[in-house]
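# Inside the fold
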Amino acid sequence: MGKKGGNLGLAFAAALVALPFVPLVLWAVAGEWRFPDLLPTAWSPRGVAHLVEPGGGVLGATLNSLLIGLATAAASVAVGLPAGMAIGGYEWRFKGLVIFFVLLPILVPPLASTMGVHVTFIRLGLADTVFGVFLVHLVPTVPYTALILAGVFSERTGELEEAARTLGASAWQAFLRVTLPGVLPGVAVAGLFAFLISWGQYVLTLLIGGGSVVTLPMLLFSAASGNDPVITSALALAFALPAVLALVLALRVLKPGERAGGFVGPGKVS
Amino acid sequence: MGGRLKIALLLTPALVVIGVLFAGGLVVAFVQSLGYVPAIGMTDLTLNAYREILSDEDFFDSLVLTLYVSGVSTGVATVLAVVAALALRRSSGRVSAVVFQLPITIPHLVAAVGIALIVGQTGLGARLAALLGLVGEPGDFPALLYDEYSVGIILTYVWKEVPFIALVVLASLRGVASELEDVARTLGAGAWQRFWYVVFPVISPSVVAASLLVFAFTFGAFEVPYLLGKSYPTILPVMAYNEYRDIDLSARPTAMAINVLIALITGAVAALYLRLARNLGRRG
C-alpha cells in the first residue's frame, strides 16, 4: 500500500478511536440538546461544575480513587520488583510453573476469587474499608508489575553489577547504585500501569467496598444507569483523564523503540 | 549466597499476595460451591449447586449469551485488527502510537458510556438518521442497548480490543514477515498470494494467541454487560453476581458454582494461550 493510502487509513482509524469521545465532550458542556438536534442548542458549565462542587461527592471519590491507586501502585512495585528480578534475572527450576501461577489472575477473572475472600474480609473487618479495597486491587496489579519488571530484568546482562562487585561494592550497594537506577524507567512504567489498573477497577471495589468505599467509577456507573447524560459525560471524561495523561507522558518519556508500555493485556486497564 | 534461597525470598512477597488473595479466594469459592458455608450454617458437602445450574434453563441461556458475546466480539475484533495492522503497518510515529494505545488505556466504562451515547435511541447515530429522514422519533431507531443482540456491549469490546490484537499483529509483522514478503514479491507473487501463503501463516499463531486472551477476558468480564446488557438473560459473571447479592443466602453455593465454571472455562483458554505463547517463544 502506498504512503498516501496508509495516511488515509490512519486518519480513518484515528476517527474511529476518537468517535466515543465526541458525544462525551459535547454532552459534558451541553445545556440543552434535544432530539433530533445534531449539536447542543445551548451550552452550560453544569457538568464540569458538578465535578468540583464542594460536597457534591466527586472530589471525595476522586481522592479515594487516587489514594487507593497510589497505594496499590507502590505496593505492587514493592512486591513485583523482587519477583520480576527472580523471573527475569535468573534461571531456575519450575520457573514456567511460577510464571503460570503469576499470570493466572490476569487470565482468570478475579470475580470468583474476590467473592471467595469476601467472607474472610468481613470476619477480619476489612470489608467496606479502603484498606480492604486496596488489598483486592493487588490481585490484578501484582501480576502486571511482576511480569513487566521480569521483562526489564531479562534484558539486563548483570555485567555492570559484576563490575561494581569486582570494584569492591557490596551486593546491596551494587543493587542500590547500579541495578536500581538501571531499571528505574521500567519501575515507573510498571507503577503507572498498576495505578491505571487500580483506577479503572469497578467490580472489585463494588464487591469488597460494598458501596461504602466510593471511588470515581462507582459514581460513573450510577450516573450512567440514570438519566443525566451531562453529569455522566463529565464524570466519564474525568475518569478517562489519567489514562490520557499517562499516554501523553509515555509518548514524551519513552523512546519509540521502548516497548515496555506495549505489554498490555486486553482491556485489563479497567 | 544460596541461589535457591535467594530466588525463593525474591518470589515470596508476590506468591503470598497471589496465593492468599487469588488462589485462596478461588479455593474458598470452590468449597462454597460444594455447599459448605459455615457462616450461614451450611456444612454438608454436596454437588447440588452444580446439579441445579446444569439443569437450569436460565443458566444455559446465560451461557449461550456469554459465548455469543465473547465469540462475536473476539471474531470481529480479530478480523478488524488484522486488517488495521496490515493497512497501517508502514505508518509509524506519534499519531499511530496514540491510535493504538488510547483504547487500550481508556477504562471500559468510559468506552461503554461513549458508545451508548452514539448507538442509543437518542444517540448521535439516531440523530444522524433523523437528519437523513430515516427515523422520525427515537423509538424508530433500532434498540442497540439492553437489546437481544448485545450490540452495544459487542461494539464496546471491539473498540477496546481491536488495538490490542493489532499491536500483537504489528509486532509479528515487523519481524520475518516483511522479508519473506519481499522475497515472494520478487518471485512474482500477487498481493493476495503474498497474504495467504506468506504473511498469514507467519502472523496466525500470534493472532490466535491474542484472540484467546480477548476471548478469555470478554468471557469473564462484568461491568460492560452489567451496564449495557438487558436484565434477562444476563451474561454469566452478572448472573453469578446477582446470585451472590441475593438476599437468600442459600443462593451462595449457586453463585460460587457459576464462578467456578467461569474460572474453569477461562482457565482452560488461558492454558491453551500459554502453550501457544511458549511455542511462539521457542520459534522466535
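Residues numbered from 1 in each chain as written. Chains lettered and ligands numbered in written order. Predicted model: local features only at pLDDT ≥ 70, side-chain atom pairs only at ≥ 80, totals over all residues.

## A word on the overall build of chain B
In terms of regular secondary structure, chain B is built from 11 helices and zero strands. Ordering the α and β elements of chain B from the N terminus gives α-α-α-α-α-α-α-α-α-α-α. Taken along the three principal axes of its C-alpha coordinates, chain B extends 75 × 75 × 35 Å. A burial count over chain B gives 48% of its 284 residues as buried. Taking the intrachain contacts of chain B between residues at least 6 apart in sequence as the baseline, contacts between residues at least 24 apart amount to 72%. (Helix = DSSP H or I, 4+ residues; strand = E, 2+ residues; numbered from the N terminus. Buried ≥ 20, exposed ≤ 12 C-beta atoms within 10 Å, placed from the backbone. Contact = placed C-beta atoms within 7 Å.)

## As for the environment of Gly55 of chain A
Along the chain, Gly55 of chain A turns up in the loop between α3 (46-52) and α4 (58-89). For Gly55 of chain A and Asn227 of chain A, which are 172 residues apart along the polypeptide, the C-alpha to C-alpha distance reads 21 Å.

## A short note on the confidence of the model for chain A
Detailed reading of predicted coordinates is not advised where the pLDDT is low. Per-residue confidence for chain A gives a mean pLDDT of 88; residues scoring 70 or more make up 91%. Ignoring residues within four places in sequence, the model shows residues 256-270 of chain A, a span with pLDDT below 50, making 39 contacts including any to other chains. (pLDDT = per-residue confidence, 0-100.)

## Concerning unusual backbone geometry
Here the amide bond leading from Phe35 of chain A into Pro36 of chain A is cis, since omega sits at 0°, within 30 degrees of zero. Residue position: Pro36 of chain A is located in the loop between β1 (30-32) and β2 (42-43). A cis amide bond, omega -15°, links Tyr232 of chain B with the succeeding residue Pro233 of chain B. Assignment of secondary structure puts Pro233 of chain B in the loop between α9 (223-228) and α10 (236-244). The backbone of Asp128 of chain A shows a phi angle near 65°, a positive value even though the residue is not glycine. Structurally, the position occupied by Asp128 of chain A is in the loop between α6 (111-123) and α7 (130-154). In this structure, Ser150 of chain B is a non-glycine residue whose phi angle is positive, near 55°. With respect to the helices and strands, Ser150 of chain B occurs in the loop between α6 (124-131) and α7 (151-186).

## Things to note about helix α8 (residues 159-166) of chain A
Where burial is concerned, little of α8 of chain A is hidden: zero out of the eight residues are buried. Immediately beyond the C-terminal end of α8 of chain A, within one or two residues, lies Gly168 of chain A, with a positive phi of roughly 105°.

## Looking at the domain arrangement of chain A
All names here are of chain A. Parsing chain A into structural domains produces domain 1 (1-44) and domain 2 (53-262). Taking the mean C-alpha position of each, domain 1 and domain 2 sit 31 Å from one another. In this complex, domain 1 contributes five residues to the contact, which on the side of domain 2 involves six residues. Counting residues per element, the side of domain 1 that touches domain 2 draws most heavily on helix α2 (residues 21-28), which supplies four residues. (Domains from an automatic or database assignment.)

## Remarks on the packing of helix α5 (residues 95-107) of chain A against α7 of chain A
Residues and elements named next belong to chain A. Two numbers describe how α5 lies on α7: the axes approach to 8 Å, and their chain directions differ by 130°. When the axes of α5 and α7 are compared, the pair comes out oblique. As α5 packs across α7, the resulting crossing turns out to be left-handed. In contact with Val102, Leu103, Pro105 and Ile106 of α5, α7 contributes Val139, Pro140, Pro143, Tyr144, Ala146 and Leu147. Considering only residue class, the contact of α5 with α7 consists of 10 nonpolar, no polar and no charged. (Axes fitted to C-alpha atoms, helices over the stretch in contact; angles between N-to-C directions. Parallel < 35°, antiparallel > 145°, perpendicular 65-115°, else oblique. Left-handed = near helix turned anticlockwise from the far one by under 90°. Nonpolar A, V, L, I, M, F, W, Y, C, P; charged D, E, K, R; others polar.)

## Examining the environment of Ala221 of chain B
Take Ala221 of chain B: it is sitting in the loop between α8 (191-220) and α9. The exposure class assigned to Ala221 of chain B is buried, which follows from the 27 C-beta atoms found within 10 Å. As for Ala221 of chain B and Leu236 of chain B, which are separated by 15 residues in sequence, their C-alpha atoms are 9.1 Å apart. Excluding its chain neighbours within four sequence positions, the residues that come into contact with Ala221 of chain B are Pro109 of chain A together with Pro237 of chain B.

## Some words on the confidence of the model for chain B
Taken over all residues, the pLDDT of chain B has a mean of 90, while the share at 70 or more is 98%. Of all the helices and strands in chain B, helix α4 (residues 94-105) of chain B carries the lowest mean pLDDT, 85, while helix α5 (residues 108-119) of chain B carries the highest, 96.

## Things to note about the interface of chain B and chain A
Taken together, the 77 residues of chain B in the interface contact 77 residues of chain A. Looking at the side of chain B that touches chain A, the element that brings in the most residues is helix α1 (residues 3-33) of chain B, giving 14 residues.

## Remarks on the packing of helix α3 (residues 57-88) of chain B against α8 of chain B
All names here are of chain B. Contact pair α3 / α8: the axes reach a minimum separation of 9 Å and the direction vectors enclose 145°. For the pair α3 and α8, the sense of crossing is right-handed. Every residue of α8 that contacts α3 at Thr66, Val69, Ser70, Ser73, Thr74, Ala77, Thr78 and Val82 is listed here: Val207, Ser211, Val214, Phe215, Thr218 and Phe219. For the contact of α3 with α8, a count of residues per class yields seven nonpolar, seven polar and no charged.

## Points about α7 of chain B
Because the α-helix completes a turn every 3.6 residues, residues three or four places apart line up on one side. All names here are of chain B. In this model α7 runs just 44 Å from its N-terminal to its C-terminal C-alpha over 36 residues, more than 12% under the 52 Å that 1.5 Å per residue would give. A bend of about 55° at Arg174 is the largest found in α7. Just beyond α7, the residue with positive phi is Gly188, at close to 95°. (Expected span 1.5 Å × (residues − 1). Bend = angle between axes of the 7 residues up to and from the residue.)

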